[in-house]
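Residue-level structural notes
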Amino acid sequence: MAAANHHLLPHDDQPSNSSCEPLLPKFIEVEENISQECRDIISGLPREEGWFQNSLYQFKGFWDQAWLIQGALGFQKHFEARDDDILLVTTPKSGTTWLKAILYATLNRSNFPPNSHNHPLLTNSPHMLLPFMEGSHQDNISRDRIDGMASPRLLFTHLPYSSLPESVKHSSCKIVFLCRNPKDNFVSLWHFANKIRPKTWGTLSLEEAFDKFCRGVSPHGPFWDHVLGYWLESLKRSEKVKFLKYEDLKDQPVASLKTLAHFIGHSFSQEEEANGVIDNIVSLCSFENLSNLKVNKDGELPFGMAAGAYFRQGQVGDSVNYLSSESLEKIDSIAEQKFGPHGLKF
Ligand code: A3P
């Protein structure tokens, strides 16, 4: 099996968290440095105050920060998918960190057995091991790094299906989509926003965040349309798009991992299964293990994010501890209205 993405690992002379995208500046700087072309585009777009940092603009139906719109345009224009690429797509706060780790460990298991003491996930945040496509398509150098990656490439984006590059849609590359029940997704997003917002922005109240989320004004939102785009495509092309839910991964990690490995064309052999390889990947990538690693507790990611912000509780159903029954019902009713007619349930 090919050692996908292993060349993204740090060289001995680089700090351990500078492996994947060392060229990326901090959030504020990227916002200031967006191109004139992108400035012209966003100047005519609906704008709302962002959750984390920077405004959100509604572009082609979805809300995003200006520098990510710029990156999405670069991704759409320049990216050439390969048939054996694997593109992970998630709604923010649906378990991206977890699934990045699982896919990386699965794809690289020959070179890095999941129980080895020097596994890359023990010293690198999962976010450093997969390039973030709209984050990387800001400049030629980062773009060239992606072009230069060995196959099979493991790539990541938050973009909605409608915004994916044409070559992704038309090649045989696989799309793995992860989402989560909207109530927990919302609560996780709200916590995350308050962890990473600049102090000068003050706290984002639960009420304000809830109103924005329900109106669809959330990063890469509307949540509903983002999820629905991939759900409908997975119904049409199940060999192309694998639709996963956080809750199913939590409930049945081993079975989910087997199905996932088969989907990406890297099935586990009977021997691997008998030798506990799947269990070892599940343990390596568990919340308990990853969240207690030094790199995930103290590390800093590109854009100046604390790696620890990506770990909170890792539980299903935590939203009942934060939302009133009225709010829970409101999200349920929007979900029913949006997803019900298409057979999607959480
Ligand atoms: P909570 O805030 O509900 O705890 P993302 O990676 O998409 O940003 O999602 C973050 C959410 O996934 C957080 O949810 C986080 O705690 C949870 N998470 C992170 N790593 C996880 C893991 N290994 N297993 C399960 N959940 C995990």
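Residues numbered from 1 in each chain as written. Predicted model: local features only at pLDDT ≥ 70, side-chain atom pairs only at ≥ 80, totals over all residues. Heavy atoms only, no water.

**Thoughts on the packing of helix 10 (residues 223–236) against helix 17 (residues 325–339)**
- Viewed as axis vectors pointing N to C, helix 10 and helix 17 meet at an angle of 35°, and their least axial separation amounts to 11 Å. When you trace helix 10 past helix 17, the crossing you get is right-handed. Listed contacts from helix 17 to Phe223, Trp224, Asp225, Val227 and Leu228 of helix 10 are Ile331, Ile334, Ala335, Lys338 and Phe339. (Axes fitted to C-alpha atoms, helices over the stretch in contact; angles between N-to-C directions. Helix = DSSP H or I, 4+ residues; strand = E, 2+ residues; numbered from the N terminus. Left-handed = near helix turned anticlockwise from the far one by under 90°. Contact = heavy atoms within 4.5 Å.)

**Some details on the sheet that holds strand 7 (residues 241–245)**
- Taking strand neighbours across the sheet as the criterion, the 4 strands line up as 5-4-6-7 in an open arrangement whose pairing is parallel. Only two strands of the sheet have a single neighbouring strand rather than two, namely strand 5 (154–157) and strand 7. Between one strand and the next, the sheet's axes are offset by a mean angle of 20°, whatever the strand orientation.
- The pairing of strand 4 (residues 86–90) with strand 5 spans 4 bridges and is parallel. Following the sheet pairing, Val89 is matched in strand 5 by Thr157. (Pairing = 2+ DSSP bridges.)

**Some details on the UniProt feature "domain: Sulfotransferase" (unreviewed entry) in the protein chain**
- Taking the numbering used here, the UniProt-annotated feature "domain: Sulfotransferase" (unreviewed entry) corresponds to residues 83–340.
- When the span residues 83–340 is considered, its composition is 48% helix and 8% strand, and the gap between its end C-alpha atoms is 33 Å. (UniProt positions renumbered as here; feature names shortened; annotations may be inferred.)

**Topic: the nonpolar core**
- The biggest cluster of nonpolar side chains holds 104 residues, and the ones touching the most others in it are Trp51, Leu99, Val176, Phe186, Tyr230 and Cys285.
- No other element matches helix 4 (residues 96–107), which puts 8 residues into this core. (Core = buried A, V, L, I, M, F, W, Y, C linked by side-chain atoms within 4.5 Å. Buried < 20%, exposed > 50% of the residue type's maximum accessible area, 1.4 Å probe, protein only.)

**Focus: the packing of aromatic side chains**
- Under the defined criterion, the tally for this structure stands at 19 aromatic pairs.
- Pairing Phe186 with Phe213 gives two aromatic rings, centres 5.3 Å apart and planes at 50°, and the pair type is tilted. Here Phe186, found in helix 8 (residues 182–196), pairs with Phe213, found in helix 9 (residues 206–215); they are 27 residues apart in sequence, far enough to count as distant.
- Relative accessible area serves as the criterion here: at 1%, Phe213 is assigned to the buried category. (Phe/Tyr/Trp six-rings, centres within 6.5 Å; stacked < 30°, edge-to-face > 60°.)

**With respect to the site of the ligand**
- Lys93, Thr96, Thr97, Ser188 and Gln313 are the nearest of the 18 residues found near the ligand.
- A distance of 2.5 Å separates an oxygen atom of the ligand from a polar side-chain atom of Lys93.
- Relative to its free-state accessible area of 560 Å², the ligand is covered by the protein chains to the extent of 98%.
- Contributions of two or more residues to the shell around the ligand are made by helix 4 and helix 15 (287–291).
- Ranked by residue count, the leading element in the shell around the ligand is helix 4, at 3 residues. (Near = heavy atom within 4 Å. Polar contact = N/O pair within 3.5 Å; in protein donor to acceptor, adjacent residues only side chain to side chain. Areas by Shrake-Rupley, 256 points an atom, 1.4 Å probe, with all protein chains shown as cover.)

**Digging into the sheet that holds strand 2 (residues 56–59)**
- The 3 strands lie next to each other as 1-2-3, forming an open sheet whose pairing is antiparallel. The sheet is open, and its two borders are formed by strand 1 (47–48) and strand 3 (62–64), each paired with just one other strand.
- Bridge analysis of strand 1 against strand 2 gives 2 bridges, and the strand direction is antiparallel. Bridging from a neighbouring strand, Arg47 pairs with Tyr57 of strand 2.

**Examining the side chain of Arg109**
- Residue placement: Arg109 occurs in the loop between helix 4 and helix 5 (133–136).
- Within polar-contact distance, the side chain of Arg109 engages the backbone oxygen of Thr106 at 2.9 Å.

**Observations regarding the confidence of the model for the protein chain**
- Predicted confidence across the protein chain gives a mean pLDDT of 91, with 91% of residues reaching 70 or more.
- Segment residues 6–25: pLDDT under 50, and 50 contacts once partners within four positions in sequence are set aside and those in other chains are kept. (pLDDT = per-residue confidence, 0-100.)

**So, the pairing of strand 7**
- Of all 5 residues that make up strand 7, 4 are buried, and the element is covered over most of its length.
- As paired elements, strand 6 (residues 174–179) and strand 7 share 5 bridges and run parallel to each other. Considered in strand 7, the bridge of Phe177 is made with Phe243.

**Focus on the environment of Lys195**
- Tracing the chain through its elements places Lys195 in helix 8.
- The sequence separation of Lys195 and Ser234 amounts to 39 residues, and the corresponding C-alpha distance is 33 Å.
- Sequence-distant contacts of Lys195, that is, excluding residues within four places in its chain, are made with Gly308, Ala309, Phe311 and Arg312.

**Concerning the pattern of salt bridges**
- Taken as a whole and judged by the stated rule, the model has 11 salt bridges.
- One salt bridge in this structure joins Arg109 and Glu272, with 2.7 Å as the shortest N-O distance. Here the residue Arg109 occupies a position in the loop between helix 4 and helix 5, and Glu272 occupies one in helix 13 (residues 270–274), the gap between them amounting to 163 residues. Each member of the pair Arg109 and Glu272 is classed as buried.
- For Lys236, the salt bridge goes to Glu233, with nearest N and O atoms at 3.4 Å. (Salt bridge = Lys/Arg side-chain N within 4 Å of Asp/Glu carboxyl O.)

**What about helix 14 (residues 277–284)?**
- Along helix 14, the residues classified as buried are Val277, Ile278, Ile281 and Leu284. Seen from one end, helix 14 has its buried residues packed into an arc of 130°, which puts them on one side.
- The elements touched by buried residues of helix 14 are helix 4, helix 12 (253–263), helix 13 and helix 15. (Arc of directions from axis to C-beta.)

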